[in-house]
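One-letter residues, chain by chain:
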Amino acid sequence: MENKELIIAIVNPGNSDLVMNAAKEQGAGGGTVLTAKGTGRKGIEKILDMPVQQDKELVLIVVEKSKRDRVLKAINDNCGLDTAGHGVAFSIPVSDAMGFHINRDK
Amino acid sequence: MAEQKANKNTVLYDDDSQRLSLFIVIVNNGLASIYKNCFINECNCHYVLTLQGRGTATKEMYRMLGLTQVKKDIIIAITPKSNLNELFYRTREQFIVSKRTKGVAFSIDLTSIINLKAYKYFMYGIEEDKYGK
């Protein structure tokens, strides 16, 4: 079984569909959306060029390691800091996984 | 070679001091603000997320872990790896304060992050943005 990674995207509310569509185009199977509250230090808007907005959506997507960079780039292009979604995305390793049917090859 | 080319789109980590980690704490409902303020104001964290969850462990397990409620607050701090010792220390201090503030904490290293601006913010915060263009 190929190594998997969990991609976590933090986006403004209502943009999780954009993230999922971008990820699916690059071969991701599916994802899970959670709601969260984000808190940054004062001045976050200067650095990230985004308004301070408390409510956030977290999108969790498990992908094969070989697809990780493509999916991250697609998320950044479609819902990154320079878009309305003002999203950031990163990945963490998955040590073991079961129940995933990630068969799309792209 | 192909992998190297793909990685040009993500931040490469050269050593541990440049890595980011997630520091995750699960505590009783309503306590997130205590930890959030501590992390941001005292532990040099630049961004913290809080979620609500519900614990599903057995009563025995809850007793063993010192937890008392089923509703939980989940605090996720995105922080430089070098900060983890301080975060664990501070969190342990909070756990010791009383049984009510007890919880579980763990960390996971990030493997990659997209967008250099975001990386620099999580890593250095606003004050040290001058280090990067």
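Everything here concerns the structure above.
The following refers to the structure shown. (Residues numbered from 1 in each chain as written. Chains lettered and ligands numbered in written order. Predicted model: local features only at pLDDT ≥ 70, side-chain atom pairs only at ≥ 80, totals over all residues. Heavy atoms only, no water.)

Under the counting rule described, the total for this entry stands at six aromatic pairs over all chains. By the ring-pair criterion, three or more aromatic residues cluster together here, those being B:Phe23, B:Tyr35, B:Phe39, B:Phe88 and B:Phe95. (Phe/Tyr/Trp six-rings, centres within 6.5 Å; stacked < 30°, edge-to-face > 60°.)

With that out of the way, let us pick up helix H1 (residues 16-25) of chain A. All names here are of chain A. Ser 16, Val 19, Met 20, Ala 22 and Ala 23 are the residues of H1 that are buried. Projected down its long axis, H1 shows its buried positions confined to an angular sector of 165°, all on one face. In this fold, the buried residues of H1 make contact with strand S1 (4-11), strand S2 (32-40), strand S3 (55-64) and helix H3 (65-79). Trailing H1 by a residue or two, Gly 27 shows a phi angle of about 105°, which is positive. (Buried < 20%, exposed > 50% of the residue type's maximum accessible area, 1.4 Å probe, protein only. Helix = DSSP H or I, 4+ residues; strand = E, 2+ residues; numbered from the N terminus. Arc of directions from axis to C-beta. Contact = heavy atoms within 4.5 Å.)

Time to look at the pattern of salt bridges. Throughout the structure, instances matching the rule amount to nine salt bridges over all chains. Among the ionic pairs, B:Lys117 bridges to A:Asp82, the shortest N-O distance being 3.8 Å. Taken together, the residues span two chains, with B:Lys117 in helix H5 (residues 116-124) and A:Asp82 in the loop between H3 and strand S4 (88-94). Judged by its relative accessible area of 32%, B:Lys117 is partly exposed. On the accessibility criterion, A:Asp82 (66% relative accessible area) is exposed. When salt bridges that share partners are traced, they join A:Glu5, A:Arg68 and A:Asp69 into one network. (Salt bridge = Lys/Arg side-chain N within 4 Å of Asp/Glu carboxyl O.)

Turning to the side chain of A:Ser16, a few remarks are in order. Residues and elements named next belong to chain A. Of note, Ser 16 is situated in helix H1. The class of Ser 16 is buried, set by a relative accessible area of 9%. Within the local environment of Ser 16, its side chain forms a polar contact with the side chain of Glu 57, the two groups lying 3.0 Å apart. If we ignore the near neighbours within four places in the chain, the residues touching Ser 16 are Val 11, Val 33, Glu 57 and Val 59. (Polar contact = N/O pair within 3.5 Å; in protein donor to acceptor, adjacent residues only side chain to side chain.)

Looking now at the environment of B:Gln94. Residue and element names in this part refer to chain B. Inspection of the secondary structure assignment puts Gln 94 in helix H4 (residues 84-97). The sequence separation of Gln 94 and Tyr 35 amounts to 59 residues, and the corresponding C-alpha distance is 8.1 Å. Leave out the neighbours within four places in its chain, and Gln 94 touches Ile 34, Tyr 35 and Thr 101.

Residues and elements named next belong to chain B. With 14 residues, H4 extends 20 Å between its outermost C-alpha atoms, agreeing within 8% with the 20 Å of an ideal straight helix rising 1.5 Å per residue. Turning to H4, its buried residues are Leu 84, Leu 87, Thr 91, Gln 94 and Phe 95. Summarising the axial view, the buried residues of H4 lie within an arc of 100°, below the 170-degree limit, and thus occupy one face. Set apart from the buried face of H4 by more than 90 degrees, the exposed residues are Asn 85, Ile 96 and Val 97. In this structure, the buried side of H4 is in contact with strand S1 (20-28), helix H2 (32-42), strand S3 (71-80) and strand S4 (103-109). (Expected span 1.5 Å × (residues − 1).)

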